[in-house]
Amino acid sequence: MSVDEKAVRRAARLARLAIPEERLAPMAAELTGIMEWVEQLNELDTDHVEPMTSVRPMRLHRRADVVTDGGYAADVVKNAPSSEDNFFVVPKVVE
Amino acid sequence: MSEAKRAKTIEGMTGPWEIVIGLEVHAQVQSEAKLFSGASTTFGAEPNANVSLVDAGMPGMLPVINDFCVEQAVRTGLGLNAQINKVSVFDRKNYFYPDLPQGYQISQFKQPIVGEGEVIVDLPGGESVTVRIERLHLEQDAGKSLHDQDPNHTYVDLNRSGVALMEIVSKPDMRSSDEAAAYLKKLRNLLRYLGTCDGNMDEGSMRADVNVSICKPGAYEKFRETGSFSHLGTRCEIKNVNSMKFVAQAIEYEARRQIDVVEGGGTVNQETRLFDNKAGVTRAMRSKEEAHDYRYFPDPDLLPLELEDDFIARIKASIPELPDAKKARFVSEYGLSVYDAGLLVAERETAAYFEEAAKGRDAKAVANWIAGDLFASLNRDNKSIDESPVSAAALGEMVGLISDNTISGRIAKDVFVIMYATGEAPAKIVEEKGLRQVTDTGAIGAAVDEVIDANPAKVAELLKKPKLLGWFVGEVMKKTQGKANPQAVNDLLRAKLGDRIGE
């Protein structure tokens, strides 16, 4: 599978990454290389292998429905470039 | 009922059209803590007070699933008679928005926790239709953006961020705005019976995305036969409609809009729209260019959710009697009409009130009092049945007083008003106000004689107008301050006036 410049531009846009125009072609070549390397896995026959979701035989841990966190609004907004009355304040988002 | 002629047609310039509707309902799970963090779900807290570092999307924070939210989703699935999937997977749905600090929503995409089910929807006319459920999945809610605090800025509160939602997706089985509203009502009722969502639409606990398309008569039946959406028109999704009334309005407007577009020679674009409830119109929300590509992938922070058989069995055993079963029982056990039974089971609290009041009483009479005087008074004062000044036991007692002839039905109306105003017990009111029904024929007879003697002209008229007897009954009731037993009054009048009543 090869990745072209158009795909890189689109992925960058969706991820909100600024990729300079002159980096698109080299990036496409690099990503294509990575994809091809990963594609080697297709050589293995996995028809009768269960998908592996964890390297150790573990089950999803479930916690009890108890309030154990929160109550520190000032800390939550502490890193925000702008806040007021413990709200985050961001540039106007208009639908 | 038959599925044949359910669709309401809309007349266009080129002939009749039909509507096809599917609903995606977001129902907030009733739980103490959030889906993946230990922060509280309480509504109306100070800004960002119910936020943990997980909900704020801080680096290095890991989600840990709330067992009770899982239980609630399974309980809802069982209430929808749906397939419970013993293995389900959480995925990341990626998009950027200021109220989504993680940069993705944890949701379920390919493998939801609940699969296909169905809901029996009761229509206002007394008929019912089946709406098939496609799936139910668990996901995180986003935060809240306030756009009206400042002309140049948006304020973001993350209290709702990470609260568990159940997204309940129906198949495109609804054929009119009435059916869509009735479906939403039934779903809300069901969730409240199950105790899995408070159904409070004002607080945003339930919101609907409405999918609407139009087609020519006959096309929908072809879709149902083949399962191919090619028989239906292009659908538009109206996002985040938060009341049953607005759902109905949005559908009516949107169907008309699509008909006008198609008949004007245009094509309907598949798009997301917003319902402006002040103007009563839908508007395109996102341009096509920005069409969403969510790049779903399994969340590497979460293993698949595996449900144990005994976990599901335990939940199944805890499910209360649901509205459909309760309605059937009210009909068979209490002899109520299907209509009255439907009215009483529409809210779990009303059904409980009825059963308490009807214990050992005339159940039909109790149902009539609840549906009549009690509902009228509660509606007038905007009160829920839980806030009723007349307790279920007191209403039952009052019906008992009517049944044993202590008071007449007419006097009971007055007693009810006093009970509602003061909260006092009916027997006490009857004693103190001297409202006990007069059954003593001597006393009634005296009143009857007085009325006959005072109105010779009316007595003469009786021969031509036998209906005048009612007037005599009324006069006697007045004389006895309504306390005379109406049947006794009637009997005595007939006995005394006898052959002077015309046929």
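Structure first, text after, so check above.
First, a word on scope: everything that follows refers to the structure included in this document. Since the model is a prediction, treat every value here as computed from it, not as a measurement.

Thresholds applied
Residues numbered from 1 in each chain as written. Chains lettered and ligands numbered in written order. Predicted model: local features only at pLDDT ≥ 70, side-chain atom pairs only at ≥ 80, totals over all residues. Heavy atoms only, no water. Axes fitted to C-alpha atoms, helices over the stretch in contact; angles between N-to-C directions. Helix = DSSP H or I, 4+ residues; strand = E, 2+ residues; numbered from the N terminus. Parallel < 35°, antiparallel > 145°, perpendicular 65-115°, else oblique. Left-handed = near helix turned anticlockwise from the far one by under 90°. Contact = heavy atoms within 4.5 Å. Nonpolar A, V, L, I, M, F, W, Y, C, P; charged D, E, K, R; others polar. Buried < 20%, exposed > 50% of the residue type's maximum accessible area, 1.4 Å probe, protein only. Pairing = 2+ DSSP bridges. Phe/Tyr/Trp six-rings, centres within 6.5 Å; stacked < 30°, edge-to-face > 60°. Lys NZ or Arg CZ within 6 Å of the ring centre and 35° of its normal.

A few words on the packing of helix α8 (residues 348–358) of chain B against helix α10 (residues 392–403) of chain B. All names here are of chain B. Contact geometry of α8 with α10 gives a least axis separation of 7 Å together with a crossing angle of 45°. Comparing their axes, α10 and α8 come out oblique. By crossing handedness, the relation of α8 to α10 is classed as right-handed. Contacts between α8 and α10 involve Tyr353, Glu356 and Ala357 on the former and, on the latter, Ala392, Ala393, Leu395 and Gly396. Among the residues forming the contact of α8 with α10, the class breakdown is 5 nonpolar, 1 polar and 1 charged.

Let's shift gears to the pairing of strand β7 (residues 117–122) of chain B. Looking along a regular strand, one sees side chains alternate from face to face of the sheet. Residue and element names in this part refer to chain B. Only one face of β7 is covered, namely the one carrying Gly117, Val119 and Val121; the face carrying Glu118, Ile120 and Asp122 has none of its residues buried. Here β7 pairs with strand β8 (residues 128–140) via 6 bridges, running antiparallel. If you follow Ile120 over to β8, its bridge partner there is Thr130. The antiparallel hairpin formed by β7 and β8 contains 5 residues in its connecting segment, where Gly126 sits at a positive phi of about 95°.

With that out of the way, let us pick up the packing of aromatic side chains. All names here are of chain B. Taken as a whole and assessed by the stated rule, the structure comprises 14 aromatic pairs over all chains. Geometrically, the ring pair formed by Phe330 and Tyr334 is edge-to-face, given 5.5 Å between the ring centres and 85° between the ring planes. Taken as a pair, Phe330 and Tyr334 lie in helix α6 (residues 323–334) at a separation of 4 residues, close to a single helical turn. Neither residue differs from the other here; Phe330 and Tyr334 are each classed as buried. Summarising the aromatic geometry, the rings of Phe330 and Phe354 are spaced 5.0 Å apart at their centres and angled 55° between planes, so their arrangement reads as tilted. Residue Phe330 is found in helix α6, and its partner Phe354 is found in helix α8; the two are separated by 24 residues along the sequence. For the residue pair Phe330 and Phe354, the accessibility class agrees, reading buried in each case. Taken together through their ring pairs, the aromatic side chains of Tyr95, Phe109, Tyr294 and Tyr296 make up a single cluster. The ring of Tyr220 carries Arg175 above its face, with NZ or CZ at 3.9 Å from the centroid.

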